[in-house]
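Below, each chain spelled out in residue letters.
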Amino acid sequence: MPREDGDPARWRGQQVNGEVSGTPHPRGTGDPPPRGTPAPDGSRTEAMAEDWEPGPALGDRDVTPGEVLQRAGQEPGKQEEALMAELSELVQKVVKSSSWWERHGVDISILACSFLLLPAGFLCLRSAQAIPFLAGVLTLGVVHHTLTVKGSHLASHNALTESKSWGKVWAVFFIELCSAFTAEQATYNHVKIHHGYTNVIGLGDSSTWKLPFLNRYVYMFIAPLAVPIITPLVALDLLRNVEWKAALRTLCCMFLGLYCHYWLLLNVSGFQSPWSALLCMLLTRSLLAHPYIHVNIFQHIGLPMFAADRKPKRIHLMSLGVLNLPRNALLDWSFGHSLISCHVEHHLFPSLSDNMCLKIKPVVSQYLKQKKLPYNEDTYASRLRLFLRRYEELMVHAPPITELVGIQ
């Protein structure tokens with residue numbers, strides 16, 4: 001995003017025409033802090049990364065930016081907190097005026113439609129003709145990623161329901177039964193670490209997605225095919241970090257989900273051999289694995305990175321370190337708006353559903369641009385070219401710390 005010299009926020013690693021100058025280099029995965037570790041500065045707005053909830057409805061009179069800053073004081077840190085507080089009030093206004101259908105119903109309906117498509121997908125695989133068979137593979141592949149990516153992501157943020165008890169049930173269902181992963185570790189690593197420390201070196205810098213021993217073409221185009229195999233193996237390793245009851249539950253759910261898929265291919269789709277059924281499982285479960293890997297690296301890696309003790313306040317951290325991709329019908333359905341075109345909005349307000357992130361997008365984008373804050377956007381093709389051209393720099397070498405001027 002272009003920056004004028006008079007803008008209040010300046011940074012090294014500024015985005016120009018979809019690319020980033022002074023782009024950070026990747027590093028190996030850092031050890032996460034113990035559970036319960038607070039954000040480095042412990043501010044109120046930092047805590048919103050983990051659990052943003054809509055506040056009370058606003059009054060009839062809007063609060064002006066000057067009033068918000070005056071209430072918070074004139075110190076730079078207070079001003080930044082005031083910006084986040086003002087944006088939160090604007091978003092709360094939209095949330096409070098939205099119906100249950102807009103807050104949760106749209107996304108629940110998408111997940112329900114995906115379940116209803118399952119029988120059609122398995123039955124299409126019975127056909128000996130190419131077109132119905134490929135339609136079955138496509139149907140099951142899209143349904144699988146809708147349940148495992150969109151469903152698991154929303155469930156990890158408790159964005160499917162306003163009940164925390166039901167939220168835990170949905171997290172176990174989508175993350176463990178459908179995705180063959182562990183709910184506790186998925187929620188902790190994604191919500192507490194990635195969202196709490198977005199683009200902070202060694203914590204939320206997306207380094208878990210980096211495999212520096214692979215070359216660019218293997219990583220970008222071949223390795224994603226192994227995601228269905230790697231996912232449960234990683235989950236089994238992470239079970240060492242959870243209580244035995246949770247580990248036992250995870251093992252049962254993982255086995256049940258994988259076996260049901262296998263059984264349906266044999267008994268409904270009519271596969272004659274176990275190996276052909278397993279191959280079909282791999283094919284459908286890896287159908288959208290390439291964009292899944294790509295999206296996870298495109299939207300953070302290559303943007304400014306920070307040290308834990310020298311990171312900006314929340315509104316600057318998210319506007320600098322998060323990028324939106326354009327809307328795409330297939331990925332919007334399968335992954336959700338919060339992972340594609342509304343990723344900035346999602347990182348600022350992570351407890352909102354995909355549909356609500358889409359609804360607040362005009363408010364957030366207009367506010368950030370009005371305050372001369374970056375609002376990163378780029379196309380999928382542009383990011384793919386960038387990563388292929390600068391793979392060594394972005395995915396192999398260690399990133400430098402972004403130097404901040406005028407933010408803190």
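For every chain, the first residue of its written sequence is number 1, and the numbers climb from 1 along that sequence. The model is predicted, so local features are restricted to residues of pLDDT at least 70 and side-chain atom pairs to those at 80 or more, both for listing and for counting; the totals for chains, interfaces and linings are taken over all residues. Side-chain descriptors were evaluated using all non-hydrogen atoms of the structure, hydrogens and water having been removed beforehand.

Looking at an unreviewed UniProt entry, one finds the chain named FADS6 desaturase and attributed to Cepphus grylle.

A.B. asks: Run through the overall build of the chain, naming residues and quoting values.
C.D. replies: A count of helical and extended segments in the chain gives 18 helices and 6 strands. Contact between two residues is taken to exist if any of their heavy atoms lie within 4.5 Å; hydrogens are not considered. Residue pairs in contact within the chain that sit at least 24 positions apart in sequence constitute 74% of those at least 6 positions apart. Working definition: helices are DSSP H or I runs of at least four residues, strands are E runs of at least two. Numbering for both runs from the N terminus.

A.B. asks: Could you give me a rundown of helix α9 (residues 227–238), with the residues and numbers involved?
C.D. replies: The first and last C-alpha atoms of α9 sit 16 Å apart over 12 residues, in line with the 16 Å expected at 1.5 Å per residue. Listed in full, the buried residues belonging to α9 are V227, P228, P232, A235 and L238. All buried residues of α9 lie within an arc of 130 degrees about the axis, which places them on one face of the element. Given a helix with a known number of residues, its expected span is that number minus one, times 1.5 Å. Each residue's exposure class comes from its accessible area (1.4 Å probe, protein chains only) as a fraction of the maximum for that residue type: buried when under 20%, exposed when over 50%, partly exposed otherwise. Each direction from the helix axis to a C-beta atom contributes to the arc, which is the arc of those directions.

A.B. asks: Account for helix α13 (residues 314–321), naming residues and giving values.
C.D. replies: Note: α-helices contain 3.6 residues per turn, so residues at a spacing of three or four share the same orientation. In terms of burial, α13 is largely enclosed, as 8 of its 8 residues are buried. Those residues of α13 lying buried are R314, I315, H316, L317, M318, S319, L320 and G321.

A.B. asks: Break down the nonpolar core for me, with residues and values.
C.D. replies: Membership of the largest hydrophobic core comes to 25 residues, with the highest contact counts inside it found for L348, F349, V364 and L368. For this core, the secondary-structure elements that each account for two or more residues are α3 (76–96), α13, α15 (343–348) and α16 (354–370). Among the nonpolar cores identified, the runner-up in size contains 18 residues, and L154, A159, F174 and M254 belong to it. Think of a nonpolar core as a cluster: buried Ala, Val, Leu, Ile, Met, Phe, Trp, Tyr and Cys residues, connected wherever their side-chain atoms sit within 4.5 Å.

A.B. asks: I'd like a description of the packing of aromatic side chains, backed by residues and values.
C.D. replies: Centres within 6.5 Å are what make two rings of Phe, Tyr or Trp a pair, Trp counting through its six-membered ring; a difference in plane orientation under 30 degrees is then read as stacked, over 60 as edge-to-face, and the rest as tilted. In this structure the tally under the stated criterion is 13 aromatic pairs. For the ring pair F115 and F173, a centre distance of 5.7 Å and an interplane angle of 40 degrees mean the geometry is tilted. Note that F115 is positioned in helix α4 (residues 100–124) and F173 in helix α6 (residues 164–178), a separation of 58 residues in sequence. Taking the relative accessible area as the measure of exposure, F115 reaches 30% and is therefore partly exposed. Relative to F173, the ring of W170 lies with its centre 6.0 Å away and its plane at 80 degrees, an arrangement referred to as edge-to-face. Here the residue W170 and the residue F173 both occupy positions in helix α6, the gap between them amounting to 3 residues, near one helical turn. Take W170: its relative accessible area is 32%, and that puts it in the partly exposed class. Taken together, the aromatic side chains of F115, W166, W170, F173 and F174 make up a single cluster linked through ring pairs.

A.B. asks: Give a description of the confidence of the model for the chain that names residues and reports values.
C.D. replies: Values of pLDDT, the confidence the predictor places in each residue, fall between 0 and 100. Chain-level pLDDT for the chain is 84 on average; 80% of the residues reach the 70-or-more range. In this model, residues 1–74 is a region of pLDDT below 50 whose contacts with residues beyond four sequence positions or in other chains number 184 contacts.

A.B. asks: Before we move on, can you summarise a nonpolar patch on the surface with the specific residues and values?
C.D. replies: Like-charged residues within 9 Å of one another, or nonpolar side chains (Val, Leu, Ile, Met, Phe, Trp, Tyr) within 5 Å, are grouped into patches, provided each residue has over 30% relative accessible area and no salt bridge. The protein chains shown are the only cover counted for residues, whose accessible areas, like all others here, come from Shrake-Rupley with a 1.4 Å probe. Salt bridges, as used here, are contacts in which a Lys or Arg side-chain nitrogen is within 4 Å of a carboxyl oxygen on Asp or Glu. Together, I229, I230, L233, V234, L236 and L251 make up a nonpolar patch on the protein surface, roughly 510 Å² of accessible area in all. The element that contributes the greatest number of residues to the nonpolar patch is α9, accounting for 5 residues. Mapped onto the elements of the fold, L251 is located in helix α10 (residues 244–267). Overall, L251 belongs to the partly exposed group, its relative accessible area being 39%.

A.B. asks: So what about the UniProt feature "transmembrane region" (unreviewed entry) in the chain? Which residues, and what values?
C.D. replies: UniProt positions are given in the numbering used here, feature names are shortened, and annotations may be inferred rather than shown by experiment. Taking the numbering used here, the UniProt-annotated feature "transmembrane region" (unreviewed entry) corresponds to residues 217–239 and 246–264. Across residues 217–239, helical content stands at 78% and strand content at 0%; the span's end C-alpha atoms are separated by 32 Å. Between the end C-alpha atoms of residues 246–264 there is a gap of 27 Å, over a span that is 100% helix and 0% strand.

A.B. asks: Got a sec to walk through the environment of C178? Specific residues and values, please.
C.D. replies: Topologically, C178 is positioned in helix α6. Spatially, the C-alpha atom of C178 lies 8.4 Å from that of S152, the residues being 26 residues apart in sequence. Residues in contact with C178, not counting those within four places in the same chain, are H144, L147, T148, F173 and R285.

A.B. asks: Now, about the environment of V295: what can you tell me, with residues and values included?
C.D. replies: Assignment of secondary structure puts V295 in helix α12 (residues 289–298). Not counting the four nearest positions on each side in its chain, V295 is found in contact with L325, F335, L339, I340 and Y380.

A.B. asks: Let's hear about the packing of helix α5 (residues 130–156) against α6: which residues, and what values?
C.D. replies: Contact geometry of α5 with α6 gives a least axis separation of 8 Å together with a crossing angle of 145 degrees. For the pair α5 and α6, the crossing hand works out as left-handed. Every residue of α6 that contacts α5 at H144, L147, T148, G151, S152, A155 and S156 is listed here: G167, W170, A171, F174, I175 and C178. Angles shown run from 0 to 180 degrees and are taken between the N-to-C directions of axes, each axis being a line fitted to C-alpha atoms and, for helices, limited to the stretch in contact. Note on convention: the crossing is left-handed when the near helix lies turned anticlockwise from the far helix by less than a right angle, right-handed when the turn is clockwise.

A.B. asks: Can you break down the pattern of salt bridges residue by residue, with the values?
C.D. replies: Applying the stated rule across the entire model yields 12 salt bridges. Notably, a salt bridge pairs E176 with R249, separated by 2.7 Å at the nearest N-O pair. Taken together, the positions of E176 in helix α6 and R249 in helix α10 put the pair 73 residues apart, joining distant regions of the chain. Bridged by salt links that share partners, the residues D107, K150 and D354 form one connected network.

A.B. asks: Give a description of the side chain of H145 that names residues and reports values.
C.D. replies: Position of H145 relative to the elements: it lies in helix α5. Using a relative accessible area of 4% as the deciding quantity, one classes H145 as buried. What H145 contacts, discounting residues up to four positions off in sequence, is K150, T284, R285, S286, L287, L288, A289, S334 and F335.

A.B. asks: Residue-level account of the packing of α5 against helix α11 (residues 274–285), with values.
C.D. replies: Where α5 contacts α11, the axes come no closer than 8 Å and their chain directions differ by 60 degrees. As judged from the angle between their axes, α5 and α11 are oblique. Together, V137, L140, G141, H144 and H145 of α5 and L283, T284 and R285 of α11 make up the contact between the two elements. Roughly parallel means an angle under 35 degrees; roughly antiparallel, over 145; roughly perpendicular, 65 to 115; everything else is oblique.

A.B. asks: I'd like to hear about the environment of G151, residue by residue, with values.
C.D. replies: Along the chain, G151 turns up in helix α5. By relative accessible area, G151 is classed as buried at 0%. When the C-alpha positions of G151 and I175 are compared, they lie 7.9 Å apart, and in sequence the two are 24 residues distant. Sequence-distant contacts of G151, defined by excluding residues within four places in its chain, comprise L111, T146, L160 and F174.

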